[in-house]
Amino acid sequence: MTERENYSGGTEYGELDLKATLLTYLRYWYLFLIGVSVSLGIAYVYLMQAVPEYNIESKILIKSDKNAANLSGGDLFSELDMFKTTTNIDNDIEILRSNSLMHRVLSELSLHTSYYVQGHFRDTEVYGADNPVKIVVNELDSSAYGKTIMLHISNQNSFSIEEETATGSTISKHHFGETVKKSYGTFTVHASAEYSKPGYSGPILVKFHNIEKLAKNYAQKLTISQSNKMASVLTLSLTDAVRTKGRDILNKLIEVYNKEAVEDKNQIASNTLAFIDERLRYLNTELTDVEKDVEQYKRQNAVTDVSSQVRLYMEQASDYNKQLSDLGVQIDVLESIEDYLQKQGNEFQLVPSSLSIQDATLLGLITRFNELKLDRERMLRTTEANNPLVRNMSEQLTNLRVNILENLRNIKNGLVIAHRNLRNKSQQFGSKIQQAPTIERDLQEIGRQQGIKEALYLYLLQKREESGLSLAATISSSRVIDPATPDDYPISPKKSTTYVIAILLGLCIPFAGIYIKEMLNDKVQIIKDVQYATDTPILGEVIHNGSGDTLAVTEKQRTPIAEMFRLIRTNLQFATAGKQNKVILITSSMSGEGKTFFSINLGASLALIGKRVVILSFDLRKPKLMHDLGLSNEVGITNYLISGKMTVDEVIIPSQSVSGLFLIGSGPIPPNPAELMISQRVTTFFDELKERFDYILIDTAPVGQVADAFTLTHLVDSCIYIVRYGYTYKAQLDIVEDIYKTKKISHPMIVLNDAKRKNSYGYGYGYGYGYGYGYGSGNGNGKASHKDKTALATS
């Protein structure tokens, strides 16, 4: 498993990576402290300047109109759906939210003006009993909207107005109750009778409002919700900076809503009454006309009651018919008697009874005739027909017979005349009876119209009374369940929430800044940058040299940096255990990463354990070794390689500070360093040095800039690649990764130079080790950490 696989896949390395990330941000603890402090300060100022908003809430019940009095109680109006009212909860919500309703509320509360008293951080609005004055606006021009004036109360009777004009501040004096006329409006200032803080002498700021915009603003702040979908209960909520003001607005809103609902119902009732009155006047005229038509028709047709008169006509006609029948019978009887008397042979026969003829004369004559006839017949039984008595009786019978016939004719004529008259009368009654249905039908049509108009007239009279009752007994459309009640504590701003947000911002802003800085930083900052980029083993870290001394490792020094070099020396021995490691090449990506400093102090560290160590300044282009140690660089490697006669002893310079440490400078800078370094003399040079020294440290040119160091790869046993925190680019780590994978140089290892506290995680190398010199004590036993052992094992 590679180094990077170990780092990214192992649980321990994951934990270490998290710890490293946390410690990366903890290095900037002061930024978090400053951020939180500034945020809390800003939050405090904001809370002092912010106007607290309170929530005011009320509950109302919207009454249903299902069982309410309805002007359309009759079937006719019910079918036409006239004057019918229904309840829709959504409609009521929209009405309560309307700008027009809120405009009326604010107008009735006289909220054309707001009053403020000055404070240290903000101006505080005063209302009601806390307001020492009250302004009654008579007229306001649009130029007054948003304008602020300042009232100074001089005494109980007078005050002064200070306002800003185009020419500057002006002050005018006035008396309470006096009409103040300004270019932007006319108003009157009154001393408030409800003012509960007498003796207040500070200025009062008065701001004039556009009532329409203010109504729109409050309508937007008003929230209405239905408490339960199955109930018609609405919850009204309003936020305002002044609790009593918000309470009054909400209560007035409900009051005005009920008032407008009552006004709407009263308007309906009033309009209905007007309509009914108009219809009653019209129907009254129509009824009068119909009644006159009935009267005129009856007069024209000589009827009063058609049914009674028809009944009377029928009775009279029946009587006439009976009389006609009787007269007909009597006429027939008379004609029968007449025919009987006129028939030959019946001169001296008995005359039949007159039956139904009730004429006394005729009855007398017939009776006399029949008696005389009977007497003659009795006489003829005993006497002869010529007997004078018989003859006398015969004459008498003849005379009686003539009288009877005459009487019959007279009676018959009378009866015929009576029969004709009765028949005429009967025909007249029959004609009247035939006309009766037409008259009755006409009267029924007229009566029907009269009945409809009478019924409608009576119905409208009833509805008029009901409408009048409804107008007198109209009730509101809602009932207040809970009156407007403000909360004791403001809903905004909330101190706890504000401070929590401030703390979070105070932490997040530095965190974001650090994160962006780390993301934009293309240089090696922490050890994980190296571990992510390459599998090359890490030999150790060298902390920042705060003293500025080139030679940081001596026999008596116990500084953290000296201990770091001792640790690297130990790691180096572990890494090359069982292998020859005399020649160590020290290189980097570019100049300035500390190759020379590391070479000197690693050599000193090895010399302190009794090893003979020589440091070669093989950076023939920009040599620094001898210069950093204050030694002459006139004679060195260049001279040895160019001259075939110069010996090694002539270029070796022993260190005066560390016993066993020797130095060989680069000498003069040659014109062709690359060609010079591949000469045969280089191999001879190293062979001789191997015989004399235990370790040969080669300070070479950076491989990221020139290829000089690669010419020596066949001579070296291992390579130490210097990476400097905050200096080496992350992209340059690809160079050492390439060297490690392609084995261009034997056994490459990385040393991280110039480690500071910000580069340390409390593990690995760097500040995790030492002996309590203010840098931490690491694992406390001076042994290589788990990470060190991993580096050695993979080497």
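Quantities reported herein were computed from a predicted structural model and do not represent experimental measurements.

Asker: Tell me about the overall build of the chain, and please be specific about residues and values.
Answerer: Across its full length, the chain holds 21 helices and 21 strands. Counting all 795 residues of the chain, 43% fall into the buried class. For the chain, restricting intrachain contacts to residue pairs at least 6 apart in sequence, the fraction spanning at least 24 positions comes to 76%. Only carbon and sulfur atoms are counted for the fraction: they give 52% of the accessible area of the chain, which is about 41500 Å².

Asker: Hey, could you go over the packing of aromatic side chains for me, with residue numbers and the actual values?
Answerer: In this structure the tally under the stated criterion is 12 aromatic pairs. Each ring, one from Tyr 25 and one from Phe 511, has its centre 4.3 Å from the other, and the planes form 20°; the classification is stacked. Taken together, the residues Tyr 25 in helix α2 (residues 11-26) and Phe 511 in helix α12 (residues 495-520) connect sequence positions 486 residues apart. What makes Tyr 25 buried here is its relative accessible area of 13%. With centroids separated by 5.9 Å and ring planes inclined at 55°, the aromatic side chains of Tyr 184 and Phe 208 adopt a geometry described as tilted. Of the two residues, Tyr 184 is situated in the loop between β8 (179-182) and β9 (185-191) and Phe 208 in strand β10 (residues 204-208); the sequence distance between them amounts to 24 residues. Grouping aromatic residues by their ring pairs yields a cluster made of Phe 618, Tyr 640, Phe 685 and Phe 686.

Asker: Tell me about the sheet that holds strand β12 (residues 233-240), and name the residues and values.
Answerer: Read from one edge of the open sheet, 4 strands run β11-β12-β1-β13, paired in antiparallel fashion. The open sheet terminates on both sides in strands that have one partner only, identified here as β11 (223-226) and β13 (478-486). Neighbour-to-neighbour, the strand axes of this sheet turn through a mean angle of 15°, independent of strand direction.

Asker: Describe the sheet that holds strand β3 (residues 124-126), naming the residues involved and giving the relevant values.
Answerer: Taken together, 6 strands build an open sheet; the order of strands is β3-β2-β10-β5-β6-β7 and the sheet is antiparallel. The open sheet has two edge strands, β3 and β7 (168-175), and neither has a second partner. Direction aside, neighbouring strands of the sheet carry axes that sit 35° apart on average. Bridge count for strand β6 (residues 158-165) against β7 is 8 bridges, and the pairing is antiparallel.

Asker: Before we move on, can you summarise the environment of Ile 526 with the specific residues and values?
Answerer: Counting through the fold element by element, Ile 526 comes out in the loop between α12 and α13 (527-533). Between the C-alpha atom of Ile 526 and that of Ala 755, which follows or precedes it by 229 residues, the distance is 8.7 Å.

Asker: Before we move on, can you summarise the pairing of strand β1 (residues 54-62) with the specific residues and values?
Answerer: Bridge count between β1 and β12: 8 bridges; the pairing is antiparallel. Residue pairing in the sheet places Lys 59 in a bridge with Thr 235 of β12. Pairing between β1 and β13: 6 bridges, direction antiparallel. The residue bridging Ile 60 from the neighbouring strand is Val 480, located in β13.

Asker: Any chance you could break down unusual backbone geometry for me, citing the residues and the numbers?
Answerer: What is expected of a backbone is that most residues other than glycine have negative phi and most peptide bonds are trans. Backbone torsion omega between Ser 492 and Pro 493 reads -10°, so that peptide bond is classified as cis. When you line up the elements, Pro 493 lands in the loop between β13 and α12. One non-glycine residue with positive phi stands out, namely Lys 743, at about 55°. In this fold, Lys 743 is placed in the loop between α20 (733-742) and β21 (748-755). Of note, the phi angle at His 747 is positive, near 45°, even though the residue is not glycine.

Asker: Any chance you could break down a nonpolar patch on the surface for me, citing the residues and the numbers?
Answerer: Together, Trp 29, Tyr 30, Leu 31, Leu 33, Ile 34, Val 38 and Ile 42 give the surface a local cluster of nonpolar side chains, amounting to about 700 Å² of exposed area. By relative accessible area, Trp 29 is classed as exposed at 55%.

Asker: So what's going on with the packing of helix α6 (residues 99-108) against helix α7 (residues 211-221)? Which residues, and what values?
Answerer: It is the contact of α6 with α7, at a shortest axis distance of 8 Å, that shows an interaxial angle of 115°. Of the two possible hands of crossing, α6 and α7 adopt the one that is right-handed. Two secondary-structure elements touch here, α6 through Asn 99, Met 102, His 103, Leu 106 and Ser 107 and α7 through Ile 211, Glu 212, Leu 214, Ala 215, Lys 216, Tyr 218 and Ala 219. Considered class by class, the residues forming the contact of α6 with α7 number 7 nonpolar, 3 polar and 2 charged.

Asker: Tell me about the packing of helix α14 (residues 560-575) against helix α15 (residues 595-607), and name the residues and values.
Answerer: Packing of α14 against α15 leaves a shortest axis separation of 9 Å and a crossing angle of 75°. In this view, α14 runs roughly perpendicular relative to α15, as classed from their interaxial angle. Touching Ile 561, Phe 565, Arg 566, Ile 568 and Arg 569 of α14 are Phe 597, Phe 598, Asn 601, Leu 602, Ser 605 and Leu 606, all from α15. Of the residues that constitute the contact of α14 with α15, the class distribution is 7 nonpolar, 2 polar and 2 charged.

Asker: How would you explain the pattern of salt bridges if you had to name every residue and give the values?
Answerer: As enumerated under the stated definition, the model contains 20 salt bridges in all. Lys 259 is paired through a salt bridge with Glu 108; the nearest N and O atoms lie 3.7 Å apart. Taken together, the positions of Lys 259 in helix α8 (residues 243-300) and Glu 108 in helix α6 put the pair 151 residues apart, joining distant regions of the chain. Lys 259 sits in the partly exposed class, given a relative accessible area of 29%. By relative accessible area, which is 31% here, Glu 108 ends up partly exposed. As a salt-bridge pair, Glu 737 and Lys 741 come within 3.2 Å of each other at their nearest N and O atoms. With Glu 737 and Lys 741 both in helix α20 and 4 residues apart, the pair spans about one turn of that helix. Residues joined in a network through salt bridges with shared partners are Arg 104, Glu 108, Lys 252, Glu 255, Lys 259, Glu 260 and Glu 263.

Asker: Which residues make up the nonpolar core, and what are the values?
Answerer: Ranked by internal contacts, the top residues of the largest apolar core, which has 80 residues, are Phe 598, Leu 616, Phe 618, Phe 685, Phe 686 and Ile 720. Of all hydrophobic cores here, the second largest spans 29 residues; its members include Ile 93, Leu 236, Ile 249 and Ile 254.

Asker: Tell me about the confidence of the model for the chain, and please be specific about residues and values.
Answerer: Taken as a whole, the chain shows an average pLDDT of 80; of its residues, 82% reach a score of 70 or greater. For the stretch residues 5-10, pLDDT sits under 50, and the model shows 11 contacts to residues farther than four places along the chain or on other chains. Between residues 762-795, whose pLDDT stays under 50, and residues either more than four places distant or in other chains, the model counts 82 contacts.

Parameters at a glance
Residues numbered from 1 in each chain as written. Predicted model: local features only at pLDDT ≥ 70, side-chain atom pairs only at ≥ 80, totals over all residues. Heavy atoms only, no water. Helix = DSSP H or I, 4+ residues; strand = E, 2+ residues; numbered from the N terminus. Buried < 20%, exposed > 50% of the residue type's maximum accessible area, 1.4 Å probe, protein only. Contact = heavy atoms within 4.5 Å. Areas by Shrake-Rupley, 256 points an atom, 1.4 Å probe, with all protein chains shown as cover. Phe/Tyr/Trp six-rings, centres within 6.5 Å; stacked < 30°, edge-to-face > 60°. Pairing = 2+ DSSP bridges. Axes fitted to C-alpha atoms, helices over the stretch in contact; angles between N-to-C directions. Patch = residues over 30% accessible without salt bridge, like charges linked within 9 Å, V, L, I, M, F, W, Y side chains within 5 Å. Salt bridge = Lys/Arg side-chain N within 4 Å of Asp/Glu carboxyl O. Left-handed = near helix turned anticlockwise from the far one by under 90°. Nonpolar A, V, L, I, M, F, W, Y, C, P; charged D, E, K, R; others polar. Parallel < 35°, antiparallel > 145°, perpendicular 65-115°, else oblique. Core = buried A, V, L, I, M, F, W, Y, C linked by side-chain atoms within 4.5 Å. pLDDT = per-residue confidence, 0-100.

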